[in-house]
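Each chain, letter by letter, is given below.
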Amino acid sequence: MVYIGGMSRLDELKAFLRFPSVSCQKAHDDDTAGCADWLVAKLSSMGFDAAAHKTGRHPIVVARGSEVPGKPRLLIYGHYDVMPVDPIEAWESDPFEAEVRDGRIYARGASDDKGEIMAHILAAEELLREDGALPVNITFLFEGEEEMGSRSLHDFLPGHRGLLACDVIVVSDTGMAAPDVPTFSYGLKGLACCEVEVSGPAMDLHSGMFGGAVANPITALCEMIATCRDSGGHVLIEGFYDGVDDIASWERVMWSRVPGMDDASLARLTGVSALRPEEGYTGAECIYARPTFELNGISGGYEGDGSKTVIPTRARAKISCRLVPGQDPERVNRLIREHFERVAPRGVTVKVTPQHGGEAYVCDPHSPFGKAAQQALEETFGNAPVLVREGGSIPVIAEISKVLGRDALLLGLDLPDARIHSPNENMRLEIFEKGIEMSKNLLRRLGEIH
């Protein structure tokens, strides 16, 4: 066990995980601010010039190390906010008092994204202690709103280009195929979220007195949703695929070799009898590179115990679309609104409210920085990395890249069984330790680029 200033690596991570920094719940605003202050204190103790910048919601932490002349500058991004813990009864231990069981640390934020943040911080701290200086220039950028759309960071970026100027961006808030399979992601999906509300009668109606005569908003919503995809999984919203390129042949070959990403393995991992990918594509290809249309929740009418025979006044559905290069989130939400308005049956009205989103991101994995990152991954894990596009979204990464004019290296440490966003989120301790070593190798390799 490595100790730094009397605390082990694991102790440092536990202290960070103790903050219930749930960004979307106002009851945790003080906890989230306290987490930002903790990061500032930690980075300041390492000799970084660190500050928590106030926003209209949660602080943005920026820390710059001492200047290393002639070396590239890295902007290491992460988010210190976490998702809610509900349902709390499904947790086997307190989500904010980290517990180690069977080689894993269990806590909210363990893999998304505090474990990765701490790996990068400790790597820098250990290199400073071992070598007396860093091999590159480092700026840390940690936000507290990634899980709620990164609105404050979007607003912060244009006015702070100088503070955040860099040669390359480093992010580890992405996935890893397997414990011994290092993963270099060169793309992230974009995101377009919206809520559809279908309204009918002015009040709930007796289903016996008015059933069959008045349109039921829940039934209407279901009918409308059924028009959005065909039996082969193709999205039927007009214009949805405009601008979408097909998958390159080298990508198909690469992804077919990623361990655990064949259709049978994905079915076992997710607990389904079989996958149902878009016709003409494998499950891996759908995850990495095909746009999606998904229902995240549907509600309406009476949902309590027993029966309440009513025609409800309204029904709602929450929708998220994962987007690929060539798709614009605002345009996709407009297409969804136009589609629902077009297919709405008589007797109901439709309202589509756009929510948060962001553009897809893709970069060249074969750039000098990309090759250096792949070398660092191979040195750490002993195997050549697989090159993938991430199925998830970090919408602000595309914005950071656009504003600063720099590519992002996406070096994932999230394993498929880490249960991020779910009860019993965890990180394998071996991955946390290797994450620190990977970051140290990365800093050294990037320091060799002139």
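Reference entry: report on the structure contained in this document. What you see is a predicted model; the values in this text were computed from it and never measured.

Helix and strand counts for the protein chain come out as 14 helices and 20 strands. Considering only C-alpha atoms, the protein chain reaches an extent of 80 × 50 × 45 Å along its principal axes. For the protein chain, with 450 residues in total, the buried portion stands at 54%. Pairs at least 24 residues apart make up 79% of the contacts formed inside the protein chain by residues separated by at least 6 positions. When the accessible area of the protein chain is evaluated, it comes to approximately 19,100 Å², of which 50% is carbon and sulfur surface.

Here the focus is the sheet that holds strand E11 (residues 190-199). Pairing is antiparallel across the open sheet formed by 4 strands, whose spatial order is E13-E15-E11-E16. Of all strands in the sheet, those with a lone pairing partner are strand E13 (294-300) and strand E16 (349-358), marking the two edges. Neighbour to neighbour, the strand axes of the sheet diverge by 15° on average, direction disregarded. Inspection of the sheet shows E11 paired to strand E15 (residues 314-323) by 10 bridges, in the antiparallel sense. Following the sheet pairing, Glu-195 is matched in E15 by Lys-318. Docked against the sheet, helix H7 (residues 217-225) engages E11, E13, E15 and E16, running at close to 20° with respect to E15.

Moving on, we come to the nonpolar core. Counting residues in each nonpolar core, the largest one holds 100 residues, and the members touching the most others are Leu-43, Phe-140, Ile-400 and Leu-446. Among the elements that make up this core, the one with the highest residue count is helix H3 (residues 114-131) (8 residues). When near neighbours in sequence (up to four residues on either side) are disregarded, Phe-140 contacts Leu-43, Phe-48, Val-61, Val-62, Ala-63, Ile-76, His-120, Ile-121 and Ala-124. Within the second largest apolar cluster, 24 residues are counted, among which are Cys-228, Ala-315, Ala-317 and Leu-323.

Glancing now at the pairing of strand E5 (residues 73-79). Most of E5 sits out of view: 7 of its 7 residues are buried. Alternating residues of E5 divide into Arg-73, Leu-75, Tyr-77 and His-79 and Leu-74, Ile-76 and Gly-78, and every residue in both groups is buried. When E5 meets strand E8 (residues 137-143), the two strands line up parallel, connected through 7 bridges. Across the sheet, Arg-73 pairs through a bridge with Asn-137, a residue of E8.

As a further point, take the side chain of Glu-251. Note on placement: Glu-251 falls in helix H8 (residues 249-256). Among the polar contacts made by the side chain of Glu-251, one reaches the side chain of Tyr-186 at a distance of 2.6 Å. Apart from the residues lying within four places of it in its own chain, the contact partners of Glu-251 are Tyr-186 and Arg-389.

The tally for this structure, following the rule as stated, stands at 32 salt bridges. Between Arg-331 and Asp-242 there is a salt bridge whose closest N-O contact spans 3.1 Å. Taken as a pair, Arg-331 in helix H11 (residues 329-343) and Asp-242 in the loop between H7 and H8 lie far apart in primary sequence, 89 residues in all. Owing to a relative accessible area of 29%, Arg-331 belongs among the partly exposed residues under this scheme. Using a relative accessible area of 44% as the deciding quantity, one classes Asp-242 as partly exposed. Each member of the salt-bridge network shares a partner with another, and the members are Arg-9, Glu-126, Glu-130, Glu-433, Glu-437, Lys-440 and Arg-444.

Let's shift gears to the packing of H3 against helix H14 (residues 429-446). One can describe the packing of H3 onto H14 by two numbers: an axis separation of 8 Å at closest approach and a directional angle of 55°. With respect to their mutual orientation, H3 and H14 come out oblique. Judged by the twist between their axes, the crossing of H3 over H14 is right-handed. Taking contact as the criterion, the partners of Gly-115, Met-118, Ala-119, His-120, Leu-122, Ala-123, Ala-124, Glu-126, Leu-127, Glu-130 and Asp-131 in H3 are, on H14, Phe-432, Gly-435, Ile-436, Glu-437, Ser-439, Lys-440, Leu-443 and Arg-444. Among the residues making up the contact of H3 with H14, the classes are represented as 9 nonpolar, 4 polar and 6 charged.

With 4 of its 5 residues buried, strand E4 (residues 60-64) lies for the most part within the structure. As defined by bridge partners, strand E3 (residues 49-53) adjoins E4 across 5 bridges and the pair is classed as antiparallel. Bridge assignment links Ala-51 to a residue of E4, and that residue is Val-62. Here E4 pairs with E8 via 4 bridges, running antiparallel. Looking at E8, one finds that Ala-63 is bridged to Phe-140.

Position of Ser-111 among the secondary structure elements: in the loop between strand E7 (104-106) and H3. Side-chain polar atoms of Ser-111 contact the backbone oxygen of Asn-426, separated by 2.7 Å. Apart from the residues within four sequence positions on either side, Ser-111 is in contact with Glu-116, Asp-414, Ala-418, Ile-420, Glu-425, Asn-426 and Met-427.

The rules behind the values
Residues numbered from 1 in each chain as written. Predicted model: local features only at pLDDT ≥ 70, side-chain atom pairs only at ≥ 80, totals over all residues. Heavy atoms only, no water. Helix = DSSP H or I, 4+ residues; strand = E, 2+ residues; numbered from the N terminus. Buried < 20%, exposed > 50% of the residue type's maximum accessible area, 1.4 Å probe, protein only. Contact = heavy atoms within 4.5 Å. Areas by Shrake-Rupley, 256 points an atom, 1.4 Å probe, with all protein chains shown as cover. Pairing = 2+ DSSP bridges. Axes fitted to C-alpha atoms, helices over the stretch in contact; angles between N-to-C directions. Core = buried A, V, L, I, M, F, W, Y, C linked by side-chain atoms within 4.5 Å. Polar contact = N/O pair within 3.5 Å; in protein donor to acceptor, adjacent residues only side chain to side chain. Salt bridge = Lys/Arg side-chain N within 4 Å of Asp/Glu carboxyl O. Parallel < 35°, antiparallel > 145°, perpendicular 65-115°, else oblique. Left-handed = near helix turned anticlockwise from the far one by under 90°. Nonpolar A, V, L, I, M, F, W, Y, C, P; charged D, E, K, R; others polar.

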